[in-house]
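# A look at the structure
Spelled out, the chains give:
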Amino acid sequence: MYSSVTSGTISGIQGLMIHVEADVSDGLPNFQMVGYLANEIRESGERIRTAIRNAGFELYPKRVVINLSPADVRKGGSGFDLPIAIAMLVSYGYLSQKSVEGAVFLGELGLDGSILPVNGVLSVADCARQSGFRKLFLAEENRQEGAMVHNLQVYGVKHLKQLAEVLQDDRLTVPEPGEEICEEHEAESWDFRNLKGQLLARRALEIAASGMHNVLMSGPPGAGKTMAARCLTGILPPLEFEESMELTKIYSVRGMLGDRKEIIRQRPFRAPHHTITTTALIGGGVIPKPGEVSLAHNGVLFLDELPEFGKGTIEAMRQPLEEKCVVIGRLNAAYRFPANIMLVGAMNPCPCGCYPDRNKCNCTVNQIRTYQGKISRAMLDRMDILMQLQPVSFEAMNDKAVCEDSRTIRNRVERVHQRQRERYAEEGIRFNSQLSPEQLQIFCRLTSEEETFMKQVFEQKQLSGRGYHRLLRVARTIADMEDCEELRLEHLQEAVAYRISLPGEERMI
Amino acid sequence: MKERETKEVFAAFWLTHLTKIPLLKLKQWVEACGGMTAFYDEGWKRLKGLLPEEQVYIEKKIKDPEIYRNWERLKRGEFRFASLKDADYPQALRKLPDAPFGLYWKGKLPNPGRSCVAIVGARKSTIYGQEFAYGLARELGGSKVDVISGLAAGIDAAGHRGCMDGGGITYGVLGCGIDRIYPKENISLYEKMSETGGVVSEYCPGTAPLSILFPRRNRIISALSDMVVVVEAKERSGSLITVDFALEQGKEIGAVPGRPCDPLSLGCNRLIRQGAKCILEAEDVLEELSGIITASEAVIRPIKVKKDLGLAPKEKMVYSCLRLEPKFIDDILCQIDLPVWEGIQILAELEIKGIIKQNPHQYYYRCPES
């Protein structure tokens, strides 16, 4: 008897509905699975049959064919165990075809028939809702993750037997666990209150957070670069719902949602170590998985000791920084992972770290040049704000005057975010840093006086076209921080200060 | 006649390629043979006291194809060469006991009719020192005084660049072959100088920039100049070698003072204590030069631009905080009584106006010339 059950898989971070068909007929007893399957699915046959038997159903010797369609999509992962088992139960006549219609099944099976959690549930759930399905059956542990999608009934089931009983009898339902109370965990040890002195850094980071601009900090060891970067998390407003969904999908695909499996509300702050490989940073693998740039989507990617990263690793980020996404090409598909990040880099100015204090720094001119040369000009060009930090004095450190804390700054940043959201509602972007050159012409219109100034800047600072656009975007954010709709000369002037002229060929920096 | 001259030049050319034999020893041999041509024409074989390995070395060099290749390059005009006996050879050098057998150059050689100042100093120098050297050389260049230096990084490069920007003529004496550019970052400077001024070397083409070669070329720098000005020098610095040569040659010495505790100025300060002229501005140099050259030879016209900056009160406040020495932006922001954003904005504005400058580490300083 023929049966059909719906399941899903992930392609990139998008869900994809897969139809699992089973046919049980007379003939020589045989069990075969087709449909462009990865090894882990091929070998699941024995596991599924054992699980079904242990759930209390007898499988008579029959000829069984399982097909997963569409047949041109490579299928991997362990989430097909459950739908295959259900399809077989329908084909063997234990369940009716009607009982499984409009439902999606996803889960791995244990030999005893227990249903185990899988990764990427959120993407499948979202796709299921969009495709018009009403019910989703999952492992108990995956229930909360699936339930993030509205307008979809999500059932967490512990055992295949329990699921079969529910499907056999309409009156039975899966017991709903009590709604967990998620407390706002806001134990922030990194607060702007503690970032004393550092006037430039405080201002520059607030601008960066307000418009999600890339930042590069340079300074001797102990200047507070790492601390300044960590403080950023505290001033970034929480994620919007759609942003949350997108990010949670990425974490779900990577299996990084943790035990609680709840939606991510805080903007991510990823700080990979400098020994990270290019694949781990950008994403990739046999079945492409998102990398750190995608895990930091809509948040901060902090690269401490930037010159220590592999040269190729840093340069590989150039394209994602421009496109705001990573596209990984494979022969039969291209996987697109969102990567709209705010890149924060920190570096020492020279191998010993003390340059330009020539009384302390004894590095040769060539050493300094080589060290700074590890960050290419193209990469520097992609930084919106370049700034220098110096260690604070003892007096500044022990200053009794209270600095502004993160909460106050975050409120301001949130207001600027709101402002941008309203302005760009029709544009399909969220922040100033995402403005395209055409959009810049609309939102950063210059008067003739400002144009003269910018021409001077362009020539004096030897800006590239990209550098020029970045400057305008920062100026736009500064204007927004002052609730100013038109771009004024002083905004441009301040933005110029964050654009250090790049090291010249001859003159020592 | 013509042939004999060419032979003389080739002998000198060949002698500059005998890099493994100390120059003074070679000079003794040449004198014993009775001239460069005679030494080259088997004269060296009759000399007594040559070690066997020295004989082998000279024998080898006679046939060295590299020398002939370089000779071809000279003929093609890639660079120019003057032997000790040539009229082109600078008179000032000929007097030296260890005058090189020949001199390679690109562009032109210093004009003995014009006054020339050597600006030397540390390679690892501060922005302050570089800016000072630049400003000094610029004014000198504008006053028709040539600037000579070693085309090294730091002070040397700043001096060359300043002189060129001031419209003057500048010469560089290399510590390597004339066809080698060291350090590499000076390539554009090297190219501009070989067009507008001159690049000079006593070493044969292809000579690598070895550390032992650099102190020796300093005697050429001092010999070709009327005065040596040291901008930044540590207690033990190569610039002080130049000063020693200059003293031997009877040249004037000037030094730019620094703070007593600053190790990068220690060498300069000591020179001043020992009697070197204290150089605070270009006029100090010009004054010293006027004692050397007769007034009719060069028009010494100090250019001094004192323009009214025309700053707004707030800009004045920020500007008054700055010094010639670079100051970190946070320190400036702390000192001025303005909101942070306004301070940053005014700094950028002044920078674009060209009144102040910053290094890429956000240290701001006044432009020396304003």
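Here, residues in each chain are numbered from 1, in the same order as that chain's written sequence. Key to labels: chains lettered from A, ligands numbered from 1, both in the order written. Per-residue local features of the predicted model are confined to residues with pLDDT of at least 70, and side-chain atom pairs are confined, for both listing and counting, to 80 or more; whole-chain, interface and lining totals are unaffected and use all residues. Side-chain metrics rest on all non-hydrogen atoms present in the structure, leaving aside hydrogens and water.

## Regarding the overall build of chain B
Labels follow the DSSP assignment, with helices taken as runs of H or I lasting at least four residues and strands as runs of E lasting at least two, numbered in each case from the N terminus. When its secondary structure is counted, chain B shows 16 helices and twelve strands. Its C-alpha atoms give chain B principal-axis dimensions of roughly 85 × 40 × 40 Å. Only protein chains enter the calculation, and the probe is 1.4 Å; a residue is then buried if its accessible area is under 20% of its type maximum, exposed if over 50%, and partly exposed in between. Going through the 370 residues of chain B one by one, you find that 55% of them count as buried. What makes two residues a contact is simply this: any of their non-hydrogen atoms within 4.5 Å. Counting only contacts in chain B whose residues sit at least 6 apart along the sequence, the fraction spanning at least 24 positions is 68%. As displayed, chain B has an accessible area near 16800 Å², and 53% of this comes from carbon and sulfur atoms. Averaging the positions of the 52 positive and the 49 negative side-chain charges in chain B gives two centres separated by 4 Å. All accessibility values rest on the Shrake-Rupley procedure with a 1.4 Å probe; residue burial counts only the protein chains present in the view. The sign given to each residue is positive for Lys and Arg and negative for Asp and Glu; His and the chain ends receive no count. To locate a charge, take atom NZ for lysine, CZ for arginine, CG for aspartate or CD for glutamate.

## Comments concerning the interface of chain B and chain A
You'll often see interface size given as the accessible area lost when the parts meet. Facing the 35 residues of chain B at the interface are 41 residues of chain A. The term buried area refers to how much accessible surface (probe radius 1.4 Å) is lost by two components on association, counted for both of them together. A per-residue breakdown of the area chain B buries against chain A is headed by K124, I352 and H361 of chain B, which together make up 21% of the total. Any carboxyl oxygen of Asp or Glu within 4 Å of a side-chain nitrogen of Lys or Arg constitutes a salt bridge here. Linking chain B to chain A there are two salt bridges. One salt bridge connects K461 of chain A with E351 of chain B, and the closest N-O pair in it is separated by 3.2 Å. Within 3.5 Å is the distance limit for a polar contact, defined as a pair of N or O atoms, with the added protein rule that one can donate a hydrogen and the other accept it, and that residues adjacent in sequence qualify only through two side-chain atoms. Summed over the shared surface of chain B and chain A, the result is ten residue pairs in polar contact (both at pLDDT 80 or more). For the side of chain B that touches chain A, the elements supplying multiple residues, two or more each, are α7 (127–142), α15 (329–335), α16 (340–353), β11 (356–359) and β12 (363–366) of chain B. Ranked by residue count, the leading element in the side of chain B that touches chain A is α16 of chain B, at eight residues. A breakdown of the residues in the side of chain B that touches chain A according to their chemical character gives 16 nonpolar, nine polar and ten charged. For this classification, the nonpolar set comprises Ala, Val, Leu, Ile, Met, Phe, Trp, Tyr, Cys and Pro, the charged set comprises Asp, Glu, Lys and Arg, and every other residue, Gly included, is treated as polar.

## Description of the packing of helix α1 (residues 2–16) of chain B against helix α5 (residues 65–76) of chain B
Residue and element names in this part refer to chain B. Fitted lines through C-alpha atoms give the axes, limited to the stretch in contact for helices. The angle between two N-to-C directions lies from 0 to 180 degrees. Relative orientation of the contacting elements α1 and α5 amounts to 125°, with a least axis distance of 11 Å. Here α1 is positioned oblique relative to α5, judged by the angle of their axes. Judged by the twist between their axes, the crossing of α1 over α5 is right-handed. Contacts between α1 and α5 involve T6, V9, F10, F13 and W14 from the first element and I67, Y68, N70, W71 and L74 from the second. Put simply, angles under 35 degrees are roughly parallel, angles over 145 are roughly antiparallel, angles from 65 to 115 are roughly perpendicular, and the rest are oblique. Definitions for this section: a left-handed crossing has its near helix turned counterclockwise from the far helix by less than a right angle. A right-handed crossing has that turn clockwise.

## Observations concerning the sheet that holds strand β10 (residues 327–328) of chain B
At least two bridges found by DSSP between two strands is the condition for calling them paired. Ordered in space as β10-β12-β11 (chain B), the three strands form an open sheet in which the pairing is antiparallel. If you trace the sheet from one side to the other, it starts and ends with β10 and β11 of chain B, each paired once.

## Quick look at the packing of helix α3 (residues 81–91) of chain A against helix α6 (residues 160–168) of chain A
Residues and elements named next belong to chain A. Interaxial distance between α3 and α6 falls to 12 Å at its minimum, and their mutual angle equals 50°. In terms of orientation, α3 lies oblique with respect to α6. α3 and α6 meet at a crossing whose hand is right-handed. Contacts from L82, A85 and I86 in α3 reach L160, L163 and L167 in α6. The residue inventory of the contact of α3 with α6, partitioned by class, reads six nonpolar, no polar and no charged.

## Considerations on the confidence of the model for chain B
Along the chain, pLDDT gives the predictor's confidence residue by residue, from 0 to 100. Per-chain confidence: chain B averages 87 in pLDDT, with 94% of residues scoring 70 or above. Confidence metrics for the complex model read pTM 0.74 and ipTM 0.76.

## As for the sheet that holds strand β17 (residues 342–347) of chain A
Residues and elements named next belong to chain A. Spatially, five strands are ordered β11-β14-β17-β10-β18 in an open sheet, and the strand pairing comes out parallel. Two strands close off the open sheet at either side, each with one partner strand: β11 (269–270) and β18 (385–388). Both strand β10 (residues 215–218) and β18 contribute to a ladder of four bridges, which runs parallel. Residue pairing for β18: V215 is matched across the bridge by I385. Against the sheet, helix α7 (residues 199–211) contacts β10, β17 and β18, and its axis sits at roughly 165° relative to β18.

## With respect to the packing of aromatic side chains
Here the aromatic set is Phe, Tyr and Trp, taking the six-membered ring for Trp, and pairing holds for ring centres within 6.5 Å; pairs whose planes are under 30 degrees apart are stacked, those over 60 apart are edge-to-face, and all others are tilted. By the definition in use, this model includes 19 aromatic pairs over all chains. Ring centres of F458 of chain A and Y468 of chain A lie 5.9 Å apart, and the angle between their planes is 85°; on these two criteria the pair is classed as edge-to-face. Of this pair, F458 of chain A sits in helix α19 (residues 448–460) while Y468 of chain A is found in helix α20 (residues 465–481), placing the two residues ten residues apart along the sequence. Overall, F458 of chain A belongs to the partly exposed group, its relative accessible area being 35%. Here a set of aromatic residues connected by ring pairs shows up, and it is made of F10, F13, W14, F39, Y40, Y68, W71, F79, F81 and Y104 of chain B. Sitting over the face of the ring of F101 of chain B, K27 of chain B holds its NZ or CZ atom 5.6 Å from the ring centroid. Between K357 of chain B and the ring centre of Y134 of chain B, over which it is positioned, the NZ or CZ distance is 5.8 Å. Remark: a charge is flagged as sitting over a ring if the NZ atom of Lys or the CZ atom of Arg is within 6 Å of the ring centre and within 35 degrees of the ring normal.

## A closer look at the side chain of T170 of chain B
Residues and elements named next belong to chain B. Along the chain, T170 turns up in strand β5 (residues 170–173). Owing to a relative accessible area of 0%, T170 belongs among the buried residues under this scheme. In this structure T170 touches V147, H160, C163, M164, M193, G197 and G198, once residues within four positions along its chain are discounted.

## Some details on the pattern of salt bridges
All names here are of chain A. According to the stated counting rule, one finds 50 salt bridges over all chains in the structure shown. The salt bridge involving D381 is made with R499; its shortest N-O contact spans 3.5 Å. Separated by 118 residues along the polypeptide, D381 in helix α15 (residues 377–381) and R499 in the segment after α21 (489–497) bring together distant segments of the chain. Both residues of the pair, D381 and R499, belong to the buried class.

## A short note on unusual backbone geometry
For the bond from S69 of chain A to P70 of chain A, the omega torsion is 0°, close enough to zero to count as cis. Assignment of secondary structure puts P70 of chain A in the loop between β4 (63–69) and α3. Residue P183 of chain B is reached from Y182 of chain B by a cis peptide bond, and omega for that bond is -10°. With respect to the helices and strands, the residue P183 of chain B is situated in the loop between β5 and α9 (187–196). Even without glycine at this site, K324 of chain A takes up a positive phi of about 65°. Structurally, the position occupied by K324 of chain A is in the loop between α13 (318–323) and β15 (325–329).

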